[in-house]
Amino acid sequence: MSYATAASAPALNTRAFAVSRVFDANGRAGGGRSGASSNLVINRKPASTPVRARLVNDGQQAGNKQPRIIEGGVRHSMRVTRLRDLVEISPDLWAPSEDSGFPAPVAARGDGLAQAAIFKALLLASQHFRLYSQKTISDDNDGAYGVRFLMGSPRMEGLDDVDRVTKCVCDRDHGLLELVPESGMMVAEIKFPLPALETPADTSSPSDPETLRVERLTALVLALEAQVVDESVVCLMEKGSDDRSTFHGTARHNKYFTGMYARAPDLLHRGTCTSSSPTPGALEASKEMLHRLWEGEEESDVHLMEEVRDRVEALFCGGNGRMVVHPSGTDAETMPLLQAVLESRALARSVPAAARPARFSNPDGSATGRGNVVSLVACAGEVGSGTTEACMGRFFSKAVPLGGNRVAMGQELPALHHLAAMEAVDLVARADGSGDPCSDYDDVVEAAARAALASDPAAVVVLHTVAGSKTGLRLPSPELSTRLRAEFGARVVSVLDACQMRHHPSLIPEWLDQQGPVLMTSSKFFGGPSFGSGVFFPHAAVARMNQHLDVEPPATVAAIAEACASYLTHHDIGDVLPKLHDAMPPGFCNVGVLLRWAAGLHEMETLADATAANGGIAATEVAVRSWVYAVREQATHFQPFLEYVPAEDYGGAWQLGGVNTIVSVRLRAGAGEAFFSTAELKQVYSLMTTDVSEFLMPESSMAERRVASQRCLTGQPVDVPGGSVLRTVLGAAQLKDLVSGKQQLAPMLEDDRVLLAKLALIASQFRHLVTHAL
């Protein structure tokens, strides 16, 4: 089912109107799909076993014109699947009555039992409904019957998800559907007969009630199914992430005010440095991917994850590397850490125990074989939250993507610390007071690296070079990692943190060819839903890691797999590290990651297509510079409430267009006032996402109220020396519109002017607004 088909399926608001609106002028079935004939009720795309319900005449009952329902290939159970188990729930199956005749007054308003029987069969023929029961509401001449059922698609993680989808659809279609209690849960109920279901829309060309009954109930079920699929896609996209992706309320927003429903068209989105909701096209791509997962065979998890890996590698690696898929850029730190652990353990096997610090020797003086890894976290405080904990092999959130376990912040990953000592050194990049980048930052990082390497001949340093921090810094310089690698070789794992993805396409292939692994995401610049990430490894690093895994004992490989299992499935690793892949627990892929990556790939590939079709990368970089220079200039016009923070431009491949596409500003309530703190900027961030026009001071002008009514999403605050900043940025969807001509620069800049004006307006009335609006 395509997104367009699902989107065109009608919302069903009242029982009488809901049924009639899915028919065309001739009373034929509509609802976004071709109507069924009188013989065929429903016939979906084939899965491993065709699923259909059909209507035939009973040849053995001469003279009986009432149809019977025959179910063919119907699944008589609901399979609720999660990553490592199956829960089967058997519905209360019931058979339709052979005799559905009623006195004349009932037949005039519709045959309730016949309608209920057909509806029941259609539910059983679909994998998106779970029949619960049929209730006889009245068995007198009213002939009223209720069919109760649950709604939810395959790969739901449990009854909580099914309950959520059922309630969402019922809330949307209140009047047609009712939520009723049943055996300790709430189930959907439709009462039959439905008004006018069997009445021809055009009396000049009447149809028999049996044909109308089948066609219109088919259309009704298909329209409901489209809504169930919509809700199920959103539900599954929320899965398989950490506690930053905890969603609340009817809008299902996380703490960044984004979610998995399509981005609202009236939202001015300039927050791709933090988090994004999917565009309608991206959500369609996720839906198509989910249909392929549903309709595939048992190996579809393998094939689809391999497809994602292949497509991402083709876009970014230039043939120079392989990808391990990850839920987020923070937990992606696990892979370079693993590379360093394996390298350090290999060194420990070749170094005399006496040459190492005493803590790496047994009481009898023999070597423990334990590795020693030191991670240098560059631009500390301006990279992903939880990076330091992740670099030390620790949990950085209270919830993990896989397994449903709750953990403690900072808790060690299981088993990994028995294999190596792990520590991290935070290296802040900005000077106290001014907030400017430290002029001697390379010297600071180099000193930390040399100290760690000198402390133990088996020590390995994970050196991060950040290709765009939260404010766009590129530190330390690439020359430092080149110099250290030339001197220390494999003892320096040179990692490029490219998670913001705001660079020239040539950067990642060059780094893979010359340096080491690359951390990347689909959910920053490209605006895919939060979160989707991966690690690119150079081919030489992949070969070396596999050599190390081959010589490690099975218990060590099992310990590594156990440490990774909270974040990765074997599908995420694929054939990149075969021995680790085989040691991972069996099971399904992380469906949430698969669907979020499908959305992210939509943004990546459509921008690549737009770039290729409109003058290539050179023309795209011109568009980037045009927007950046114009918005920087705009940001200087809102003093004293808004102050533009000058950006660092590095040129070359480090920034797309050679400019920083993140525009940072500080806010204050007036001249001479202190700049807002991070906590206060978080309140501003929240106010920006809502219409605050009615909460402005009474003397506010109509122009100010129009600005205040615009809903905007910026980047979250960043706490930097000299004063915390909020950010407005250029994202892939904006750039694609510019490059393709869908939106011209002038109207886009007017949108940005409104965003900056609203920031300044909120700053000027901040104390009033936090009292009245929050």
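The structure presented is a predicted model; accordingly, all values stated were derived computationally and were not measured.

Q: What exactly am I supposed to notice about the overall build of the protein chain here?
A: Within the protein chain, the regular secondary structure consists of 25 helices and 23 strands. Per-residue burial for the protein chain yields a buried fraction of 58% across its 774 residues. Contacts in the protein chain between residues far apart in sequence, at least 24 positions, make up 70% of those at least 6 positions apart. When the accessible area of the protein chain is evaluated, it comes to approximately 29000 Å², of which 52% is carbon and sulfur surface.

Q: How should I be thinking about the nonpolar core in this particular structure?
A: Considering soluble globular proteins, one finds that nonpolar side chains tend to be buried as a cluster. Of all hydrophobic cores here, the largest spans 131 residues; its most connected members are Phe119, Phe149, Met151, Phe536, Trp597 and Leu759. No other element matches helix 6 (residues 209-237), which puts 12 residues into this core. Apart from the residues lying within four places of it in its own chain, the contact partners of leucine 759 are Leu642, Val665, Leu667, Val684, Met688 and Leu726.

Q: Can you walk me through the packing of aromatic side chains in this structure?
A: Enumeration over the complete set of coordinates arrives at 11 aromatic pairs. For the pair phenylalanine 316 and phenylalanine 526, a centre-to-centre distance of 5.8 Å together with 65° between the ring planes defines the contact as edge-to-face. Here the residue phenylalanine 316 occupies a position in helix 8 (residues 300-316), and phenylalanine 526 occupies one in the loop between strand 17 (518-521) and strand 18 (533-538), the gap between them amounting to 210 residues. Note on accessibility: phenylalanine 316 and phenylalanine 526 belong to one class, buried. An aromatic cluster is built from Phe119, Phe129, Phe149 and Phe192, whose rings are joined through pairwise contacts. Above the plane of the ring of phenylalanine 360 lies arginine 356, whose end atom (NZ or CZ) is 4.1 Å from the centre.

Q: It is not clear to me how the packing of helix 7 (residues 280-295) against helix 8 should be interpreted in this structure. Could you clarify?
A: To characterise two packed helices, one gives the angle between the axes of the helices and the distance between these axes. It is the contact of helix 7 with helix 8, at a shortest axis distance of 8 Å, that shows an interaxial angle of 145°. Where helix 7 crosses over helix 8, the two elements pack in a sense that is right-handed. The residues of helix 8 that touch helix 7, namely those facing Met289, Arg292 and Leu293, are Ser300, Asp301, Leu304, Glu307, Val308 and Arg311. Its residues placed into classes, the contact of helix 7 with helix 8 shows 4 nonpolar, 1 polar and 4 charged.

Q: Would you mind showing me how to read helix 7 here?
A: Think of an α-helix as 3.6 residues a turn; residues three or four steps apart then line up on the same face. A rise of 1.5 Å per residue sets the reference length of helix 7, with its 16 residues, at 22 Å; its end C-alpha atoms lie 22 Å apart and thus fit the reference within 8%. For helix 7, the complete set of buried residues consists of Ala282, Leu283, Glu284, Ser286, Lys287, Met289, Leu290, His291, Leu293 and Trp294.

Q: Honestly, the pattern of salt bridges in this entry has me stumped. Any pointers?
A: Two side chains with opposite charge may pair up if their charged atoms get near one another. In this structure the tally under the stated criterion is 33 salt bridges. Residue arginine 270 pairs with aspartate 752 through a salt bridge whose shortest N-O separation is 2.7 Å. On the criterion of sequence distance, the pair formed by arginine 270 in the loop between strand 10 (268-269) and helix 7 and aspartate 752 in helix 24 (residues 745-764) is long-range, its members being 482 residues apart. With respect to burial, arginine 270 and aspartate 752 carry one shared label: buried.

Q: It is not clear to me how the packing of helix 22 (residues 702-709) against helix 24 should be interpreted in this structure. Could you clarify?
A: For the pair helix 22 and helix 24, interaxial distance at closest approach is 9 Å and the crossing angle is 105°. Considering their axes alone, helix 22 and helix 24 lie roughly perpendicular with respect to each other. Facing helix 22, whose interface residues are Glu704, Val707 and Ala708, helix 24 presents Val754, Ala757, Lys758 and Leu761. Among the residues making up the contact of helix 22 with helix 24, the classes are represented as 5 nonpolar, no polar and 2 charged.

Q: Can you help me understand the sheet that holds strand 22 (residues 715-718) in this one?
A: Strands belonging to one sheet form pairs held by backbone hydrogen bonds; the direction of such a pair is parallel or antiparallel. Taken together, the 4 strands give an open sheet; going across it, the order is 19-20-23-22, and neighbouring strands pair in antiparallel fashion. Across the chains shown, the open sheet's two edge strands, defined by having one partner strand only, are strand 19 (642-645) and strand 22. Averaged over all pairs of adjacent strands, the angle between their axes in this sheet comes to 35°, without regard to strand direction. Pairing between strand 19 and strand 20 (residues 662-667): 4 bridges, direction antiparallel.

Q: Whenever I open this one, the side chain of threonine 279 confuses me. Can you help?
A: Note on placement: threonine 279 falls in the loop between strand 10 and helix 7. In contact with threonine 279, other than residues within four places in its own chain, are Arg263, His602 and Glu603.

Q: Explanation requested: the environment of glycine 329 in the structure shown.
A: Within the element layout of this structure, glycine 329 appears in the loop between strand 11 (321-326) and helix 9 (334-350). For glycine 329, a relative accessible area of 17% translates into the label buried. If we skip the residues at most four places from it in the chain, glycine 329 touches Cys499, Leu519, Thr521 and Ser533.

Q: Mind showing me how you'd approach helix 13 (residues 478-488) here?
A: Those residues of helix 13 not exposed but buried are Pro478, Leu480, Ser481 and Leu484. Relative to the axis of helix 13, the buried residues are bounded by an arc of 155° and lie together on one face. Those residues of helix 13 that are exposed and aimed more than 90 degrees away from the buried face are Glu479 and Ala486. Residues of helix 13 that are buried in the fold lie against helix 12 (441-455), strand 14 (459-467), strand 15 (474-475), strand 16 (492-497) and helix 14 (507-514). Following helix 13 by one or two positions, glycine 489 has its phi on the positive side, about 60°.

Q: I keep staring at the side chain of arginine 155 and nothing clicks. Help me out?
A: Mapped onto the elements, arginine 155 comes out in the loop between strand 7 (144-151) and helix 5 (159-172). Separated by 2.7 Å, the side chains of arginine 155 and aspartate 301 make a polar contact.

Q: Just checking my understanding: could you explain unusual backbone geometry for this structure?
A: With the exception of glycine, most residues fall at negative phi, and the peptide bonds are largely trans. Between phenylalanine 192 and the following residue, proline 193, the backbone shows a cis peptide bond with an omega angle of 5°. In this structure, phenylalanine 257 is a non-glycine residue whose phi angle is positive, near 65°. The exposure class assigned to phenylalanine 257 is partly exposed, which follows from its relative accessible area of 29%. With a phi close to 75°, alanine 415 is a non-glycine residue in the positive phi region.

Q: What should I look at first to understand the pairing of strand 11 in this one?
A: On a regular strand, each side chain points to the face opposite its neighbour's, so the side chains alternate between the two faces of the sheet. Of all the 6 residues making up strand 11, 6 are buried; the element is thus mostly covered by neighbouring parts of the structure. Alternating residues of strand 11 divide into Gly321, Met323 and Val325 and Arg322, Val324 and His326, and every residue in both groups is buried. When strand 11 meets strand 18, the two strands line up antiparallel, connected through 6 bridges. Paired with valine 324 across the two strands is valine 535, which belongs to strand 18.

Q: When you look at the confidence of the model for the protein chain in this model, what are you seeing that I'm missing?
A: A low pLDDT score tells you not to read the predicted coordinates there in detail. Taken as a whole, the protein chain shows an average pLDDT of 86; of its residues, 84% reach a score of 70 or greater. Here residues 1-108 is a poorly scored stretch, pLDDT under 50, and it has 236 contacts once near neighbours within four places are set aside; other chains count.

Q: Looking at this structure, how should I read the environment of alanine 408?
A: Structurally, the position occupied by alanine 408 is in the loop between helix 10 (387-391) and helix 11 (416-419). Once the C-alpha coordinates of alanine 408 and serine 397 are considered, the two residues, 11 residues apart in sequence, prove to be 7.3 Å apart.

Q: Help me understand the state of the cysteines in this model?
A: In this structure the tally under the stated criterion is 0 disulfides. No disulfide involves cysteine 170; its nearest neighbouring cysteine sulfur is the one of cysteine 168, lying 9.5 Å away.

Basis of the calculations
- Residues numbered from 1 in each chain as written.
- Predicted model: local features only at pLDDT ≥ 70, side-chain atom pairs only at ≥ 80, totals over all residues.
- Heavy atoms only, no water.
- Helix = DSSP H or I, 4+ residues; strand = E, 2+ residues; numbered from the N terminus.
- Buried < 20%, exposed > 50% of the residue type's maximum accessible area, 1.4 Å probe, protein only.
- Contact = heavy atoms within 4.5 Å.
- Areas by Shrake-Rupley, 256 points an atom, 1.4 Å probe, with all protein chains shown as cover.
- Core = buried A, V, L, I, M, F, W, Y, C linked by side-chain atoms within 4.5 Å.
- Phe/Tyr/Trp six-rings, centres within 6.5 Å; stacked < 30°, edge-to-face > 60°.
- Lys NZ or Arg CZ within 6 Å of the ring centre and 35° of its normal.
- Axes fitted to C-alpha atoms, helices over the stretch in contact; angles between N-to-C directions.
- Left-handed = near helix turned anticlockwise from the far one by under 90°.
- Nonpolar A, V, L, I, M, F, W, Y, C, P; charged D, E, K, R; others polar.
- Expected span 1.5 Å × (residues − 1).
- Salt bridge = Lys/Arg side-chain N within 4 Å of Asp/Glu carboxyl O.
- Parallel < 35°, antiparallel > 145°, perpendicular 65-115°, else oblique.
- Pairing = 2+ DSSP bridges.
- Arc of directions from axis to C-beta.
- Polar contact = N/O pair within 3.5 Å; in protein donor to acceptor, adjacent residues only side chain to side chain.
- pLDDT = per-residue confidence, 0-100.
- Disulfide = S-S within 2.5 Å.

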